[in-house]
Amino acid sequence: MPHPNDPSLRSFIAVDPSSDFPIQNLPYGVFSTAKLSPRLGVAIGDFVLDLWELEQEGLISAGDPGTFAGGLSALMHQGPKVWSRTRARISELLRHDNSELRDNKQLRDLALIPWANVTMHMPFTVSGYTDFYSSKEHATNVGVMFRGKDNALQPNWLHMPIAYNGRASTVVVSGTKVKRPRGQLKPPNVEVPSFEPCKRLDFELEMGVVIGQPSPMGGMLSEQQAEEMIFGFVLLNDWSARDIQQWEYVPLGPFLAKAFATSISPWVVTREALEPFRLKGPEQQPVPLDYLKQTKPQNYDIALDVSLRAAGANVPAGISRTNFKYMYWSSVQQLMHHASSGCAMNVGDLLGSGTISGPEKDQRGSLLEISWNGTEPVDLPGGARRSFLEDGDSLVIRGWCQGNGYRVGFGEVEGTIVPAE
């Protein structure tokens, strides 16, 4: 049987070459309709494939009955062999030369649901959330802004993936409105702080790693073990209140400035689907310590695009275009480091990559960098200008891997800013 990643595969469902969801992708998401409660599905072209319906017909099984009745956690708990076998079976059922689903009109009508009829939900329960700081370009830009060119990177940055523990409780699915946060603000020119709505609200372009297997407290992870624990990836926007952060982060780092909202895309693209797009990341100097060394490529060629529609505008404008391949510390290294002290990892843990910026000016992954801390505002259609996000602004992040005649994409993660109450 052909591998699900085979670029020659075709589905009996027509899929446009520009679609994010060809048969080579098959990402998982949780959907509902006016008649159906939330359940697990797979994106294929302009449809969602209802895995629960296929399970009821005996066409698919992941081992435990009811695996597809809710979110992804039940499937993730069963491990990489079941993940791979399940994806292969879904691919087989959708192939153009397989009659099992193709020629069963009654089942097709039940199991293939047009996009227009579905509502997407959080694809899994987030057990814990950790946000990394692993783009050398981003860390350098921020360092130059606040510490000067000669002291841009902190001494520890080139030796380990830097991160902080965030809030799982406010990770939300694409389309969720983001309320402008309140917090303590203290500009340098005032003596005492005030409590008021954030004035320097920003986005952060990231990828999220979804952990599908646990690790024990007190243990460490090899490269192979860490890789096999990764179920898949999502697009991630870690909204940031720059002015709240500026006052609160000394001495312990980000807290409320990053705790009010983190948005993710509704579709989880599996690690296996990204395998053809794996590549070597930037050269790491100095050479990492032994526990962080990699023996094979662990970065991915994922194109990323950010567009901003200003409040009152009819059309969005592109403000950044970069690539996940630029990340200095890979997702596998992040996970190995996270567990290295003995920290236990859980099914459903989410690791944010950290802001993804490239070497060019148009590849910066936050407004902090794009506007260079407000000194170079961005011109938008209709005469609008932005240094940071205003109420009513809508931001969309898209991402995809480009194959030969097809793309493996993530859809989008969108959020609109609404005023603080």
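Structure first, text after, so check above.
The rules we used
- Residues numbered from 1 in each chain as written.
- Predicted model: local features only at pLDDT ≥ 70, side-chain atom pairs only at ≥ 80, totals over all residues.
- Heavy atoms only, no water.
- 1 Å grid on protein atoms, 1.4 Å probe; cavity = no way out; pocket = protein on both sides within 12 Å on 5 of 7 lines; lining within 4 Å.
- Points joined across faces, edges and corners; volume = space filled by probe spheres on them.
- Nonpolar A, V, L, I, M, F, W, Y, C, P; charged D, E, K, R; others polar.
- Pairing = 2+ DSSP bridges.
- Helix = DSSP H or I, 4+ residues; strand = E, 2+ residues; numbered from the N terminus.
- Buried < 20%, exposed > 50% of the residue type's maximum accessible area, 1.4 Å probe, protein only.

A few words on empty space enclosed by the protein. Scanning the entire structure with this criterion turns up one cavity of 30 Å³ or more. Roughly 50 Å³ of internal volume is contained in the largest cavity. Residue lining of the largest cavity: Gln298, Asn299, Tyr300, Phe324, Met327, Trp329, Ser330, Ser331, Gln334 and Ser353, and that is the complete set. Partitioned by chemical class, the residues of the lining of the largest cavity number four nonpolar, six polar and no charged.

The pairing of strand S2 (residues 39-44) with strand S3 (residues 47-50) spans four bridges and is antiparallel. Residue pairing for S3: Ile44 is matched across the bridge by Phe47. Linking S2 back to S3 in an antiparallel pair, the connection comprises two residues, with Gly45 at a positive phi of about 60 degrees. Here S3 runs beside strand S4 (residues 112-114); their pairing, made up of three bridges, is antiparallel. By the bridge assignment for S4, Phe47 is matched with Pro114.

It is worth spelling out the sheet that holds strand S26 (residues 407-418) at this point. Strand order across the open sheet formed by five strands is S9-S26-S25-S20-S21, with mixed pairing between neighbours. At either end of the open sheet lies a strand with only one pairing partner, and these are strand S9 (178-179) and strand S21 (317-323). Sheet analysis places strand S25 (residues 394-402) next to S26, joined by eight bridges and oriented antiparallel. Residue pairing across strands places Ser394 opposite Thr416, the latter belonging to S26.

Roughly 890 Å³ of internal volume is contained in the largest pocket. Among the secondary structure elements, those contributing two or more residues to the lining of the largest pocket are strand S6 (129-132), helix H6 (136-147), strand S7 (163-165) and helix H8 (242-248). Looking at the lining of the largest pocket element by element, the count peaks at five residues for H6. Looking at the lining of the largest pocket, its residues break down into 15 nonpolar, nine polar and seven charged.

With five of its five residues buried, strand S1 (residues 28-32) lies for the most part within the structure. Alternating residues of S1 divide into Tyr28, Val30 and Ser32 and Gly29 and Phe31, and every residue in both groups is buried. Relative to S2, S1 runs antiparallel, the two sharing four bridges. Bridge assignment links Tyr28 to a residue of S2, and that residue is Val42. The hairpin turn running from S1 into S2, its antiparallel successor, is six residues long. Direction of pairing for S1 relative to strand S5 (residues 119-121): antiparallel, over a ladder of three bridges. Looking at S5, one finds that Phe31 is bridged to Met120.

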